[in-house]
Each structure stands twice: as C-alpha cells, then as structure tokens.
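Residue-level structure breakdown
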Amino acid sequence: MAQRSKAPQRSKGRRFILWAALSGVISGAVFLATAELFALIFARSASPILAVGGFVIDIVPQPFKEFAIATFGEYDKIALLVGLGLAVVIASAIAGILQLLRPPLGVIALVVAGALSTAAIVTRAGVTPLAFLPPVLGTIAGSILIVLLIRRLKAWRASAVSAGTTDGETVGQDAEQTPKALGRRQFFILAGIASVSAVVVGIASRTVSMTVASVANIREALKLPSPKSTVEVPKGAELDIPGLSKLFTPNEDFYRVDTALTVPTIDPSTWRLVIDGMVDQRVEMSFQDILDMGLDEYAITLTCVSNEVGGDLVGNAKWLGVPLRDVLKKAGVKSGADMVLSKSVDGYTASTPLSALTDDNLDAILAVGMNGEPLPLEHGFPVRMVVPGLYGYVSATKWLTELKVTTFEKDEAYWTPRGYSAEAPIKFASRVDTPKVGQAVDAGRIPIAGVAWAQTVGIERVEVRIDEGDWMPATLSAPINENTWVQWFMEWDATPGTHYVAVRAINKNGDMQIEERAPIAPNGSSGWQRSLIRVS
C-alpha cells in the first residue's frame, strides 16, 4: 500500500517542478519585455538580448566565426538570436526550479543574468548615460514575478499535499473553494497575465524601437542628386548564360557579413562623420555636406575575407559616392600617418592603409548609393566605405561615423587581435557558377561559366581544365574596369560520367592565381576551384 501511494506523490512532485520551470520562463520573459520597454524610453541600444548577442560576437574565437559564416551565411545573426533565445529559456527554467527547491537561488540567478546583461550594455560603443536602467529594471520586474509565482505555486502544492487526494476526488461547488483550488487558480491567473503582458509589451517595444524615426521611410523618400559621371558599361560586358552570376549583383542578393546583430537605423539628417587624429584640423561633416561635394558613380567588386574558394561572399555593384582622398584633404593629413581607423556607429573598426585612400589612381569612396538607390539599411545606410582591392574587414566599414588618421603602430582594428592581418589586399580568384556542384547535367554541348576578379589589376585570361586534360582558354566578357569582376565561359562537349572541372585565372600583370590552398585566416583563402560534375 505504501509503495502505491508514493507513485502519485512522485508524479505530483514532478508536475510542480514543471510548473516551477514554466514560472521561471515567464519571469525571464517579463525581465526581457520590461527591459525592452525601458530601452525604448531611455536608450534604444540597451536591449539585453542584443547586447549579449553583440558581446558573444565579439568574444567568439575566429574559427567559430568562420564556421558560423560558412554554415549559416547571411543568416548567422538569426542563428545566434535563436541560440540565445533557447539559452534564455533553459536558464530561466532552471531559475524557476531553483526558486522552488532552494530559494532564493532562482532570484540570484536572475540578478546574475541582469548584471551580465548590464555589463554587456554599458561596455558597448556609444553607450548613453541611462543605458544601465533597462536591464536593472528588467531584473527587478523578473525577480518580483518569480517570487510571487513560486509563492503561489508553493501554496498550491502545500494544499494539495495536506488534502492527500487527487484532483478528481472533490467535485461540485465545494471543489472550487478548497485551498488547493484557490492556490491553483491564483497561480494560473498571475502566470496568464504575466505571460500575455510579456508577449505584448516585449513585441510592441521591440517593434517600435526598430521603427522609431521611420528610417526606412526616410530612406525610401530620399532622392539622391544625379551623379556628375556614370559608369560606362561596354558592349559584351554581360553574358547571357543561365546560372551565371549577373554582372551587377542585385542589392537583395548582395552578401552581408558584419558584426551588427541588428541593423543600425540612422537618420541621415542627424548623421555626422568626424575626421580627426593626425590631421591639421578636426572636421565634422553632415550627410548634406557629402552630397554637396558632388557624387560620381563607380563600379567596384567587393570581397569578404571569409569567402572560401568558390564561395559566394563576393559581389559587384554600382556605387554612388565621393572620393575618400577629397574628404581627407578637408582635414589635412599630417606626415607620419600610415593608417585610417574607420569606426561604425555600432563600435566596429577597420584599419585601412592610408595610401589606399589617398591614391589618385584608386577609387576609394564614401558611398551613399548602391545600384541606383540609396544604400540599403543592411549595407550601411546612410554612408559606408568602399575601397577596391582590399578585403572588406579592413576597408568596407558600414554605418560609418568616424575616420581617425593614425598609424598601424598606435592603433589596431576589430579583427587584428582576433587573428587577422592588419592589411589585407584581396587575393585574385576565379569561380565556377555553372554547372553547379551536385546538380547533374545532360550529356552534350554545355557551357561552363563563372566569374573572375583581380581588383585594381584586372583579369587577363581564365583557363579551364576537364579531369587531367590540358588547360583550355575561356572566353571573357568585356571588362568594365580593373576594379570589377569579369564573366567567362567555355563550351564543353560533356560525356556521361563524373568529371572534375578546374578553373584558374591570370591577372594583367601576368601573375597566376595561387594554386595552393590556404585557410581564411589570417588574410584570405586561396586555391584553384575544382568541382565534381555529374553528366547523365
């Protein structure tokens, strides 16, 4: 008999453990919702989940960053947020259980979480004086709620234990007046109100925070002045081959790799660019000042250092902007400087060789437009840097806010202490776009096609090899300039079976693309792309 009575008690005990875990999750949700609400009031950048996410991005070792980019691509930020969300749910559930079994450990767990998120917020770049308030107030709200929920849960459990019966033994109106029923009802009412409030307040606050100032609408209404000069696209610059990358990558398809967990929203009317450091005079420029300099159109291919051999973290676009050398002249660069440390509104920094920004023969620009429209928000609106011939992590700072003229000896940028070179000229490369790996093609005459790039030098020729045969020349499209990729193709009489297709490029200096494979760090991958093609 004693053994039979223990089974319902164990079952009932496990049930209350689950309710305690749910109490913790609800308290965690109230914590975040309260923080989001007060972040909207005091400091929109003081969202705990985003601050912790940014902190994780900063401290994650370089191999894990490369894995995330290779695995999730442009969705790496979403994957991080999902992972953080799951971690919050699990940690909150544990806090609820601890508060039930070992009070006040649950409250202590929430306070520790609040302290960590506060530290993550107040150590971010550009933090405002009241940025600490949202996580602190969120911690207080979550802590109070977990105490109240667990108190009601304990009352429900105590009344259930004292009754010594299962829920079905008391029926009718009296059942609703028992201490057990009252404790249960109070628990569910509080839990329900808190849950609904957290969802409504949290989602509403985040939505409003992301749309305050209507930056997207401002961008949509913005009309950039007509450029003084436009890009001349020669006849034959774009080949009409299915599966081949477009000559100009559409904005929505252009790769995005950066450290911003959420896209910064900046009103161009309040945006300012500061130029200081080793200069004759500190200069501050507005968005209108940039426009008043007169815009020109430039065709430039960008490449991310995280691009693997044959990867798609490369894109070509028409950019509208002004030469960086003219911007720096306004401040007057002092002798001895050899680097410009550019800074994003979110605190990211890049180290660009000064010579790359002041060379009269190199179109390093401050860009305000991309492919005929203002910069998309995710690509740096309102102003970003675009520098041909250098990997993006040392040159393509988005949401630009500061240019510090300095030296490589005095300053280092975001990626340098994380295992990457301070200077990073792009290694020229070639890629096969079609046939695609893993997709069988029919036997017969088919095109092998792709793109090749050698910024600031240009591509002289591209060669293709089938299996272990001879290298054969491909036909190139007409190049726009030396800063953009070219398309190439070769007709192939495909025979049934599996074949290896290799491609390599030669630049206009006569240099051969590096054959040996090299990893992404410290200064970009290298190697000839070899693709296995199945022919049916």
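Look up: the structure comes first, before these words.
Residues numbered from 1 in each chain as written. Predicted model: local features only at pLDDT ≥ 70, side-chain atom pairs only at ≥ 80, totals over all residues. Heavy atoms only, no water.

So, on to the sheet that holds strand E18 (residues 529-535). Spatially, E14-E13-E17-E18 is the arrangement adopted by the four strands of the open sheet, whose pairing is antiparallel. With partners counted over all chains shown, the strands left at the sheet margins are strand E14 (472-473) and E18, one partner each. Looking at chain direction, strand E17 (residues 497-507) and E18 are connected through seven bridges and run antiparallel. By the bridge assignment for E18, Val-501 is matched with Ser-531. (Pairing = 2+ DSSP bridges. Helix = DSSP H or I, 4+ residues; strand = E, 2+ residues; numbered from the N terminus.)

Bringing the pattern of salt bridges into the picture now. As enumerated under the stated definition, the model contains 14 salt bridges in all. Lys-398 is paired through a salt bridge with Asp-258; the nearest N and O atoms lie 2.7 Å apart. You can see Lys-398 sitting in the loop between strand E9 (384-386) and strand E10 (400-406) and its partner Asp-258 sitting in the loop between helix H8 (215-221) and strand E1 (272-277), a full 140 residues away along the chain. Across this residue pair, the class does not change: Lys-398 and Asp-258 are buried. Between Asp-411 and Lys-404 there is a salt bridge, with the nearest N and O atoms lying 3.4 Å from each other. The exposure class assigned to Asp-411 is buried, which follows from its relative accessible area of 18%. (Salt bridge = Lys/Arg side-chain N within 4 Å of Asp/Glu carboxyl O. Buried < 20%, exposed > 50% of the residue type's maximum accessible area, 1.4 Å probe, protein only.)

Turning our attention to the side chain of Arg-325. By secondary structure assignment, the location of Arg-325 is in helix H10 (residues 324-331). By relative accessible area, Arg-325 is classed as buried at 14%. At 2.9 Å, the side chain of Arg-325 forms a polar contact with the backbone oxygen of Leu-362. (Polar contact = N/O pair within 3.5 Å; in protein donor to acceptor, adjacent residues only side chain to side chain.)

Between two aromatic rings, the relevant description is the distance of the centres plus the angle of the planes. The final tally for this structure, using the stated rule, is 15 aromatic pairs. Relative to Phe-187, the ring of Trp-156 lies with its centre 5.9 Å away and its plane at 45 degrees, an arrangement referred to as tilted. With a gap of 31 residues between them, Trp-156 in helix H6 (residues 133-163) and Phe-187 in helix H7 (residues 179-211) connect regions that are remote in the sequence. No difference in accessibility class separates Trp-156 from Phe-187, as the two residues are buried. An aromatic cluster is built from Phe-16, Trp-19, Trp-156, Phe-187 and Phe-188, whose rings are joined through pairwise contacts. In this structure, Arg-15 packs its charged tip against the face of Phe-16, placed 4.9 Å from the ring centre. (Phe/Tyr/Trp six-rings, centres within 6.5 Å; stacked < 30°, edge-to-face > 60°. Lys NZ or Arg CZ within 6 Å of the ring centre and 35° of its normal.)

Moving on, we get to the sheet that holds E1. Pairing within the open sheet is mixed, and its five strands lie in the order E2-E1-E10-E5-E6. Edge strands, defined here as strands with exactly one partner in the open sheet, are strand E2 (283-286) and strand E6 (349-353). Pairwise comparison of adjacent strand axes, ignoring direction, gives a mean angle of 20 degrees for this sheet. In this sheet, E6 lies alongside strand E5 (residues 339-344) in antiparallel orientation, the contact comprising five bridges. (Axes fitted to C-alpha atoms, helices over the stretch in contact; angles between N-to-C directions.)

Shape descriptors only; they carry no functional weight alone.
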